[in-house]
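Single-letter residue listing:
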Amino acid sequence: MLELLAILVEDAIFSSVPAVGFAMVFNVPSRVLPLCAIGGAFAHCLRTLCIHWGVPLEWATLVASTSVGLVGVYWSRRYLIPRPVFTVASIIPMIPGSYAFKTMVGIIGLYSGGFSEALLATVLENGLRTLFILMALSFGLAIPSVVIYRGRPIV
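First, a word on what this report is: a plain description of the structure on this page. Quick caveat: nothing in here was measured; it's all calculated off a predicted structure. (Residues numbered from 1 in each chain as written. Predicted model: local features only at pLDDT ≥ 70, side-chain atom pairs only at ≥ 80, totals over all residues. Heavy atoms only, no water.)

What follows concerns the overall build of the chain. Counting its regular elements, the chain contains six helices and zero strands. Reading the chain from its N terminus to its C terminus gives the helix and strand order α-α-α-α-α-α. Overall, the chain is about 55 × 45 × 30 Å in size when its C-alpha atoms are taken along their principal axes. Here the chain holds 155 residues, and the buried ones make up 40% of them. With the model as given, the accessible surface of the chain reaches about 9400 Å², and the carbon-plus-sulfur share is 73%. Of the charged side chains in the chain, 9 are positive and 6 negative; the average position of the first set lies 23 Å away from that of the second. (Helix = DSSP H or I, 4+ residues; strand = E, 2+ residues; numbered from the N terminus. Buried < 20%, exposed > 50% of the residue type's maximum accessible area, 1.4 Å probe, protein only. Areas by Shrake-Rupley, 256 points an atom, 1.4 Å probe, with all protein chains shown as cover. Lys, Arg positive; Asp, Glu negative; His and termini not counted. Charge placed at Lys NZ, Arg CZ, Asp CG, Glu CD.)

What follows is the structure, given as structure tokens:
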């Protein structure tokens, strides 16, 4: 239990840094930066906790991004700031960069080194995992808005 807590604290620290960095790139007000850090840490820790409980990575990402979407709706109402300010910065630490990189390296290997069934299987596995994680991130951010703002008129 203590080992899991240490992993979660480390995860929170290292996932809040890219969330704040991304928010700073897009000129988020400085009073909101701590909330972006909290959101990024919360999302990544929740995903790590779900993975620890045996949930697959893609589903854990969906749970974490949906939770961040719900928290973002609350924060946007409380601080009168648009919801994407919090939510987009908070999901940045969960972007599947290593899987996308492995997919691209495999595609280049297929092109330059010739066809191999093992390499093709690796490319397809990493590519599909990247696609499903990105879909989980986007659907997870959209679900709270669709559910909460369903009855409101557009204009």
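To continue, consider a nonpolar patch on the surface. A cluster of nonpolar side chains, namely L70, L124, L128, L131, F132, M135, F139, I143, V147 and I148, defines an oily patch on the protein surface of about 880 Å² accessible area. The biggest single contributor to the nonpolar patch is helix α6 (residues 117-148), with nine residues. Along the chain, the position of L128 falls in helix α6. (Patch = residues over 30% accessible without salt bridge, like charges linked within 9 Å, V, L, I, M, F, W, Y side chains within 5 Å. Salt bridge = Lys/Arg side-chain N within 4 Å of Asp/Glu carboxyl O.)

This part is about the environment of I13. Mapped onto the elements of the fold, I13 is located in helix α1 (residues 2-25). Residues I13 and L62, spaced 49 residues apart in sequence, show a C-alpha to C-alpha distance of 21 Å.

A few words now on the packing of aromatic side chains. Counted under the stated rule, the structure contains two aromatic pairs. Ring centres 4.8 Å apart and planes at 50° place the aromatic pair F22 and F26 in the tilted group. With a relative accessible area of 27%, F22 lands in the partly exposed category. (Phe/Tyr/Trp six-rings, centres within 6.5 Å; stacked < 30°, edge-to-face > 60°.)

Next up on the list: the packing of helix α2 (residues 33-52) against helix α3 (residues 57-79). The interhelical angle for the contact between α2 and α3, taken along N-to-C directions, is 155°, at an axis separation of 8 Å. It follows that α2 is roughly antiparallel to α3 by the angle criterion. Crossing handedness for the pair α2 and α3: right-handed. Listed contacts from α3 to L35, I38, G39, F42, A43, L46, R47, C50 and I51 of α2 are L57, A60, T61, V63, A64, S67, V68, V71, W75 and Y79. A class-by-class count of the residues in the contact of α2 with α3 yields 15 nonpolar, three polar and one charged. (Axes fitted to C-alpha atoms, helices over the stretch in contact; angles between N-to-C directions. Parallel < 35°, antiparallel > 145°, perpendicular 65-115°, else oblique. Left-handed = near helix turned anticlockwise from the far one by under 90°. Contact = heavy atoms within 4.5 Å. Nonpolar A, V, L, I, M, F, W, Y, C, P; charged D, E, K, R; others polar.)

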